[in-house]
Amino acid sequence: MLRSMRPLIGYRIVGLDGPAGQLVDFYFEDVSLAVRYVAVDTGGLLPQKKVLLAPAALGQPDWASHCLSVNHIKEEIQNSPSIDLHKPVSREQEEQLHAHYSWMPYWAPEVPVGIPATRTAPAASANEEPALRSFKEVIGYSALAFGKEIGEIDDFIFDDEAWTLRMIVANTGGLLSRKLVLLPSDYIEQISCQNRHIAIRVPPDAIEAAPEFDPSEPVNREVETRFYDYYGRF
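About the criteria used
- Residues numbered from 1 in each chain as written.
- Predicted model: local features only at pLDDT ≥ 70, side-chain atom pairs only at ≥ 80, totals over all residues.
- Heavy atoms only, no water.
- Helix = DSSP H or I, 4+ residues; strand = E, 2+ residues; numbered from the N terminus.
- Buried < 20%, exposed > 50% of the residue type's maximum accessible area, 1.4 Å probe, protein only.
- Contact = heavy atoms within 4.5 Å.
- Phe/Tyr/Trp six-rings, centres within 6.5 Å; stacked < 30°, edge-to-face > 60°.
- Arc of directions from axis to C-beta.
- Salt bridge = Lys/Arg side-chain N within 4 Å of Asp/Glu carboxyl O.
- Core = buried A, V, L, I, M, F, W, Y, C linked by side-chain atoms within 4.5 Å.

### With respect to the side chain of T42
- As for its position among the elements, T42 is in the loop between β4 (35–41) and β5 (50–53).
- Classification of T42 by relative accessible area gives buried; the value is 6%.
- Beyond its immediate stretch of four places on either side in the chain, T42 contacts A20, G21, K49, V51, I77 and Q78.

### Overview of the packing of aromatic side chains
- Inspection of the entire model under this criterion finds 13 aromatic pairs.
- Geometrically, the ring pair formed by F158 and W163 is tilted, given 5.2 Å between the ring centres and 45 degrees between the ring planes. Residue F158 shares its accessibility class with W163, and that shared class is buried.

### A look at helix α2 (residues 91–101)
- Those residues of α2 that sit buried are E94, L97, H98 and Y101. An end-on view of α2 places all buried positions within 95 degrees of arc, on one side of the element. α2 presents E92 and A99 as exposed residues on the side facing more than 90 degrees away from its buried surface.
- Where α2 is buried, its residues contact β4, β5, α1 (74–78) and β7 (132–134).
- S102 sits one or two positions beyond α2 and adopts a positive phi of about 60 degrees.

### Let's talk about the environment of A57
- Inspection of the secondary structure assignment puts A57 in the loop between β5 and β6 (67–69).
- The buried category is assigned to A57, whose relative accessible area is 3%.
- When the C-alpha positions of A57 and V70 are compared, they lie 5.6 Å apart, and in sequence the two are 13 residues distant.
- Beyond its immediate stretch of four places on either side in the chain, A57 contacts S69, V70, N71, H72 and W103.

### Quick look at the environment of N79
- By secondary structure assignment, the location of N79 is in the loop between α1 and α2.
- Among the residues examined, N79 registers a relative accessible area of 49% and is labelled partly exposed.
- Taking C-alpha positions, N79 is 9.8 Å from K49, a pair spaced 30 residues apart along the chain.
- In contact with N79, other than residues within four places in its own chain, are K49 and H100.

### As for the pattern of salt bridges
- Taken as a whole, this structure holds eleven salt bridges when the rule is applied.
- With a shortest N-O distance of 3.5 Å, R36 and E29 are connected by a salt bridge. For the pair R36 and E29, one class covers both residues: buried.
- Across the pair D30 and R133 runs a salt bridge, and its minimum N-O distance is 3.0 Å. Of this pair, D30 sits in the loop between β3 (18–29) and β4 while R133 sits in strand β7, and the two are 103 residues apart along the sequence.

### What to know about the nonpolar core
- In terms of nonpolar packing, the biggest core is built from 69 residues, with F26, L53, I153, F156, I198 and Y231 touching the most fellow members.
- No other element matches β3, which puts six residues into this core.
- The residues contacting I153, other than those within four sequence positions of it, are V138, I139, G140, Y141, S142, A143, I168, V169 and I198.

Structure follows, in structure tokens:
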């Protein structure tokens, strides 16, 4: 199903033998837009220790009880390599993480990722390697439409089965006249941490005239198709 990312921040992480922490962030790849990890504050004996968990180890979110199950015991999660959320995630750290859990690395070409990369358009410039981006970091970035700032990034809609970003939620109204609109993720051209923006391949006037998005309403395939059809006219 298609879900908003914002409400999942703060969800309880439940291991095979009980609560193991709290979800505090997501990390997604800026080319495939696949969600590679959730960041977890394990608390417990080591307060403020942050660790990463891959979607392959996660169950479906329980929206009623606000929890997310994990196919590992608490001790294994708490003894996982720690991560500094204020620094980029390196490949060396990923290798240590996958070795700890005996996960198959998604970056190995001979190993199926398990999470389909549905995008074909690059989200990074030609001389950049794919990078992992923090959900919390990207929220608040400027949304640029053909170089014109039209608002800021407010949220993402993701597929909770494939664990890929499907749509951007952008606030085009500002603080005093808040208006949220949906933008298909296929229209992303670049995610720039240096300039703190996401460049989108959609005319500014099309975004300004887009139907308003109500975050309290469910997002389904019909809604997604309707927005794709709308932007496809421009």
